[in-house]
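Chain and residue survey
As a plain string of letters, each chain reads:
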Amino acid sequence: MLRWIRQQLGFDPPHQSDTRTVYIANRFPQHGHYIPQRFADNRIISSKYTIWNFIPKNLFEQFRRIANFYFLIIFLVQLMIDTPTSPVTSGLPLFFVITVTAIKQGFEDWLRHKADNEVNGAPVFVVRSGGLVQTRSKNIRVGDIVRVAKDETFPADLVLLSSDRAEGTCHITTASLDGETNLKTHYAVPETAVSQSVSQLEALQAVVECQQPEADLYRFVGRITVTQQGEEIVRPLGPENLLLRGARLKNTKEIFGVAVYTGMESKMALNYKCKSQKRSAVEKSMNTFLIIYLGILLFEAILSTILKYAWQAENKWDEPFYNEKTEQERNSSKILKFISDFLAFLVLYNFIIPISLYVTVEMQKFLGSFFIGWDLDLYHEESDQRAQVNTSDLNEELGQVEYVFTDKTGTLTENEMQFRECSINGIKYQEINGKLVPEGMTDDTPDAAVPRLSREEELFLKAVSLCHTVQISYDQTDGPGEPFSHANGFTTQMEYYASSPDEKALVEATKRMGVTFTGSNGEVMEIRTFGKSEKYKLLHVLEFDPNRRRMSVILQTPSGQKILFTKGAESAILPYTKSGEIEKTRVHVDEFALKGLRTLVVAYRLFSAEEYKEVERRIHEARTALQQREERLAETFSFIEKDLELLGATGVEDKLQEKVQETIEALRLAGIKVWVLTGDKHETAVSVSLSCGHFHRTMNILELVQQKSDHECAEQLRRLARRIKEDHVIQHGLVVDGASLSLALREHEKLFMEVCKNCSAVLCCRMAPLQKAKVVRLLKTSPEKPITLAIGDGANDVSMIQEAHVGIGIMGKEGRQAVRNSDYAIARFKFLAKLLLVHGHFYYVRIATLVQYFFYKTLYDSVYLTLYNICFTSLPILVYSLFEQLVHPHVLQSKPALYRDISKNSVLSFKTFLYWTILGFCHAFIFFFGSYMLMGEDTSLMGNGQILRANRQLMFGNWTFGTLVFTVMVITVTLKLALETHFWTWINHFVTWGSIAFYFIFSLFYGGIIWPFLHTQDMYFVFVQLLSSGSAWFAIIIIIITCLFPDVIKKVFYRHLQPTSTQKSQFIEAYAGVSCMDSVCCFPEGRGGCSRLAALLERLIGRCDPRAARSWSDSDPFYSNDRSILTLSPVEATHC
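Residues numbered from 1 in each chain as written. Predicted model: local features only at pLDDT ≥ 70, side-chain atom pairs only at ≥ 80, totals over all residues. Heavy atoms only, no water.

Remarks on the overall build of the chain
Across its full length, the chain carries 41 helices and 37 strands. For the chain, buried positions account for 52% of its 1136 residues. As displayed, the chain offers around 52800 Å² of accessible surface, 58% of which is attributable to carbon and sulfur atoms. (Helix = DSSP H or I, 4+ residues; strand = E, 2+ residues; numbered from the N terminus. Buried < 20%, exposed > 50% of the residue type's maximum accessible area, 1.4 Å probe, protein only. Areas by Shrake-Rupley, 256 points an atom, 1.4 Å probe, with all protein chains shown as cover.)

Quick look at the packing of helix 3 (residues 66–80) against helix 9 (residues 281–311)
Between helix 3 and helix 9, the least distance of the axes is 9 Å, while the angle of their chain directions is 35°. Together, I66, A67 and Y70 of helix 3 and N287, L290, I291, L294 and L297 of helix 9 make up the contact between the two elements. For the contact of helix 3 with helix 9, the per-class residue count stands at 7 nonpolar, 1 polar and no charged. (Axes fitted to C-alpha atoms, helices over the stretch in contact; angles between N-to-C directions. Contact = heavy atoms within 4.5 Å. Nonpolar A, V, L, I, M, F, W, Y, C, P; charged D, E, K, R; others polar.)

A few points about the pairing of strand 32 (residues 761–765)
Burial within strand 32 is extensive, with 5 of its 5 residues counted as buried. Of the two faces of strand 32, the one holding A761, L763 and C765 and the one holding V762 and C764 are both buried throughout. Where strand 29 (residues 673–677) and strand 32 come together, 3 bridges link them in parallel fashion. Bridge pairing in strand 32 places V676 opposite L763. Examined bridge by bridge, strand 31 (residues 732–737) and strand 32 share 5 bridges and lie parallel to one another. Paired with V736 across the bridge in strand 32 is C764. (Pairing = 2+ DSSP bridges.)

Looking at helix 20 (residues 609–623)
In this model helix 20 runs 21 Å from its N-terminal to its C-terminal C-alpha over 15 residues, within 8% of the 21 Å that 1.5 Å per residue would give. Turning to helix 20, its buried residues number three or more, namely Y612, V615, I619 and A622. The arc that holds the buried residues of helix 20, viewed along the axis, is 95°, so those residues lie on one side. Exposed and facing more than 90 degrees away from the buried side of helix 20 are A609, E610, K613 and H620. In the core, the buried residues of helix 20 are packed alongside strand 23 (532–542), strand 24 (550–556), strand 25 (562–568), strand 27 (598–607) and helix 21 (629–640). (Expected span 1.5 Å × (residues − 1). Arc of directions from axis to C-beta.)

Details of a nonpolar patch on the surface
A cluster of nonpolar residues, L298, I302, I306, Y309, I335, L336, F338 and I339, forms a patch on the protein surface that exposes about 720 Å² of accessible area. Elements that contribute at least two residues to the nonpolar patch include exactly helix 9 and helix 12 (334–348). Relative to the elements of secondary structure, I339 occurs in helix 12. (Patch = residues over 30% accessible without salt bridge, like charges linked within 9 Å, V, L, I, M, F, W, Y side chains within 5 Å. Salt bridge = Lys/Arg side-chain N within 4 Å of Asp/Glu carboxyl O.)

Observations regarding the environment of S760
Relative to the assigned elements, S760 resides in the loop between helix 26 (749–757) and strand 32. The contact partners of S760, leaving out residues within four places of it in the chain, are M699, Q731 and H732.

Digging into the packing of helix 9 against helix 12
The geometry of helix 9 relative to helix 12 is characterised by a closest axis approach of 9 Å and an angle of 130° between their N-to-C directions. Judged by the inter-axis angle, helix 9 sits oblique to helix 12. Considering only the axes of helix 9 and helix 12, their crossing is right-handed. Listed contacts from helix 12 to L297, L298, A301, I302, S304, T305, K308 and Y309 of helix 9 are K334, K337, F338, D341, F342, F345 and L346. When the residues that make up the contact of helix 9 with helix 12 are grouped by side-chain class, the tally is 9 nonpolar, 2 polar and 4 charged. (Parallel < 35°, antiparallel > 145°, perpendicular 65-115°, else oblique. Left-handed = near helix turned anticlockwise from the far one by under 90°.)

A closer look at the sheet that holds strand 13 (residues 254–261)
Read across the open sheet, the 6 strands follow the order 3-2-4-13-5-11; overall the sheet is antiparallel. Pairing within the sheet leaves two strands with one partner each, and these edge strands are strand 3 (131–136) and strand 11 (242–243). Sheet analysis places strand 5 (residues 157–163) next to strand 13, joined by 6 bridges and oriented antiparallel. Bridge pairing links L160 to G257 in strand 13.

Here we look at the nonpolar core
One broad trend across soluble globular proteins is that nonpolar side chains are buried collectively. Within the largest apolar cluster, 107 residues are counted, with the highest numbers of intra-cluster contacts made by L789, L832 and L836. The leading source of residues in this core is helix 30 (residues 831–856), at 17 residues. Contact partners of L789, with chain neighbours within four places excluded, come to L398, V401, Y403, V404, F405, A804, V806, I808, L832 and L836. Within the second largest apolar cluster, 51 residues are counted, among which are F39, V198, V208 and I255. (Core = buried A, V, L, I, M, F, W, Y, C linked by side-chain atoms within 4.5 Å.)

Quick look at the structure:
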């Protein structure tokens, strides 16, 4: 029970040792004093709160906000001492703010709990009590034997015990963990591989000893001790024996594995970052402004207290006849009296800190977040998925992003390779209807006819279909059987699984062209060439490595010849070729690359008997060497892979998601730098970066890869920094791998950041999940403190998503871990452009204006004080903050450069904050002294504070004067917002004019009726008396015009003398939005059939000067396709 409570409160019991012992099937020893180790259960938790810690944790987070904490103090002061206002004026709004925020955050966390429950409640099969039992994923315990079927994900980290294959192997994909889609082979130890039935597994006596959980996906150290007939057999365990949670079983009917790491101790969960409360830049600015206003408040309270004591220095003011002191008051401590008076003034002036600001901000964020889900432009019809908001606290942060960190596999790409072109013997070919056709020619052979291939073409296709590590899965999987029997008639349905998606695409392409790879049993590879079966003996595989950048196979042909087929990067093959169309192929490879295709060059070499003997001897010696094995293998491979005969090259397209290139270009134009962080191989990552426009063909690509030591890494960084400095005119792209990144971040962080910031694009490959988060944190905590956004679709992206200021999950094919742990979720990468450029722009401008407006409009009867910010002036700004659009959404998408206008928190800068604050003080000055100057001498309304009767009129003195000031204030601040509103809807009109009307109606009722439940009624008949005076109405109009007229003049001058890009767009939109005639008149390029009528009407209404026709300038700050804006008017040109 105690352990359960500790888990609910977020505490994890510490591990007692460096290793853990797992008894398979939980068969604990029956003798001795064995104490079972305690392990985490198998639940995954992505939520922040539990039932037990929600209230204290949420209250702690809320009272970290300065305004909330301040109003709590004020509320307590009002309870403890006699103050001019009721505690309700502070307590009620504070309670409302805390409650609304808690409900919103509780609801969002409930959605996370709901998503977690779907995962934790997934059905799984476990071996228990001599049979296969179905249970829920969360009930799996360490030591349980779990059965996983084909295409299912592993529910915990399992050590493989057996599979349906006799040799105990299985194939998995780890795309959701490290982004790699290649098929990986995992092995069971021979002693457990034979246990393929439940009864055999139940009888298995074995113990696994392994290290305690760690985040490294590629490291696992352990051993398994199997007891057979009283004898203990010990076998080592490594990463090839461990099946990670989140990976998926492929090409295998079923496997059995023992759970060694469960729940939040699985490697996938350990790569998550601890969830922390994200706070937007706007919220941080709000806290800064609140501190400034708090300083102003303290100054006012201290000054008022001092002035009070200065005023009371004379006895007649110290104890006037209507307020004589008691004996206790005369004898009380002067210091305590000073503090009491100071606190009373603090409470009196506390409305300078707007508590309702947080109420309105919370409501704006919560209600505004629905617009993202409702946006049909963010809806993906194929998958029936709409955008999802998991955290509405960060809406405005979407408008401040400076760096985007994106995953590659499944985020930028569809992860689908397609064969496009090839070059054979210097001739370019395309695939048309499954046939190889030379470029520029058409396929005119009958469908049934067997195509005639030249020797070079046939050899090329055979090389491609044999030089690989592809494996095959057949639909019929009733038994292991012979690897070729299915192909010989049982079924023709088969699926390829490859170590890289390129290999799969190439083998599938050769199959369509008539050369079909039908299987391999480890020693023999079989292909069918136009129906004729050929078997090749596999002698050696020279594995791919990043230094050679090629892979080869040595085969024995059916005729007995020894042949080497090799394929790899152009730079890794062409220098070692001695014959073939080398130059023509080089040109073709460059052409393929310019089209964004991934290229591979294919070559071969025939060995004589003597040559092969030497090759065999060298390979054997290198592979059995105990020292320097890797160096000797590399030397041997170089000896073998030379004197090659060139066959040709292939061009494969990694299918990008729709509009990825346009999205990245739009982000770049918006001033956002894009970094790609991927776990994929170096060559693959660079190829995709080039094809998606992340790297340009004209960009100078710099590399920081395969660094072995700190010194070597530092030297390379200095060389790169010098190159960037010398070639500062051109753009640079940087490629970094995971190992080099670790060295760079260890001691050369500053130099690394300097190189990165001077590059237009950065690509990090071979990245572990936590390395992704480290890179994000590195940028996030740099001196400039840029706003970062991370986007990905797999579990390997979760830590990066949680680390960034804004995390976005892609609803892709790699599970829902990224979506569950993200702040926002979208179905495709292309939706990111609208999410940032439109929604981000709107949210930021709206909330920035909302915050400054509240400080500007921030006197009187406690009911009015309470209602001023909550009722009289809150609805217009709330509606403004939900619907305002400075520019049409289409304009924001077509002009990404407009995003720069709001970057660096420019709308909420200290300069604009100071302007709004000074404006507020100026307006307050005009309200008070304007009312005093205009109405101070009107004795019919302004008396001396006493109630008199004269000419059947009541004279109310200070109450009437205060009501006049309050009336002017309510109307002025509402009209000020109307001046700021650019996009008017019927809702804006209703709440703007309705708020003013509500104020008048409320005041008439509040002051026109004697309310029995009120202790005092100081406002009785005051408002009615005020409205009956013509001079009061005159004063109201004059003061409002005096306040707002200078603001109008300033706006006009600034728009004409120093317009921003956004204001220019507003101007263009205004002339394009009324009708197409506007743009036709003002832009000669757009003149059409209705231009004469339009020009005549324009001159009549004076909308534009015919002598000064507008034209589009190349120096305009917008990019080249700006002309498209002229077609965005609501009335299309065809309807003129």
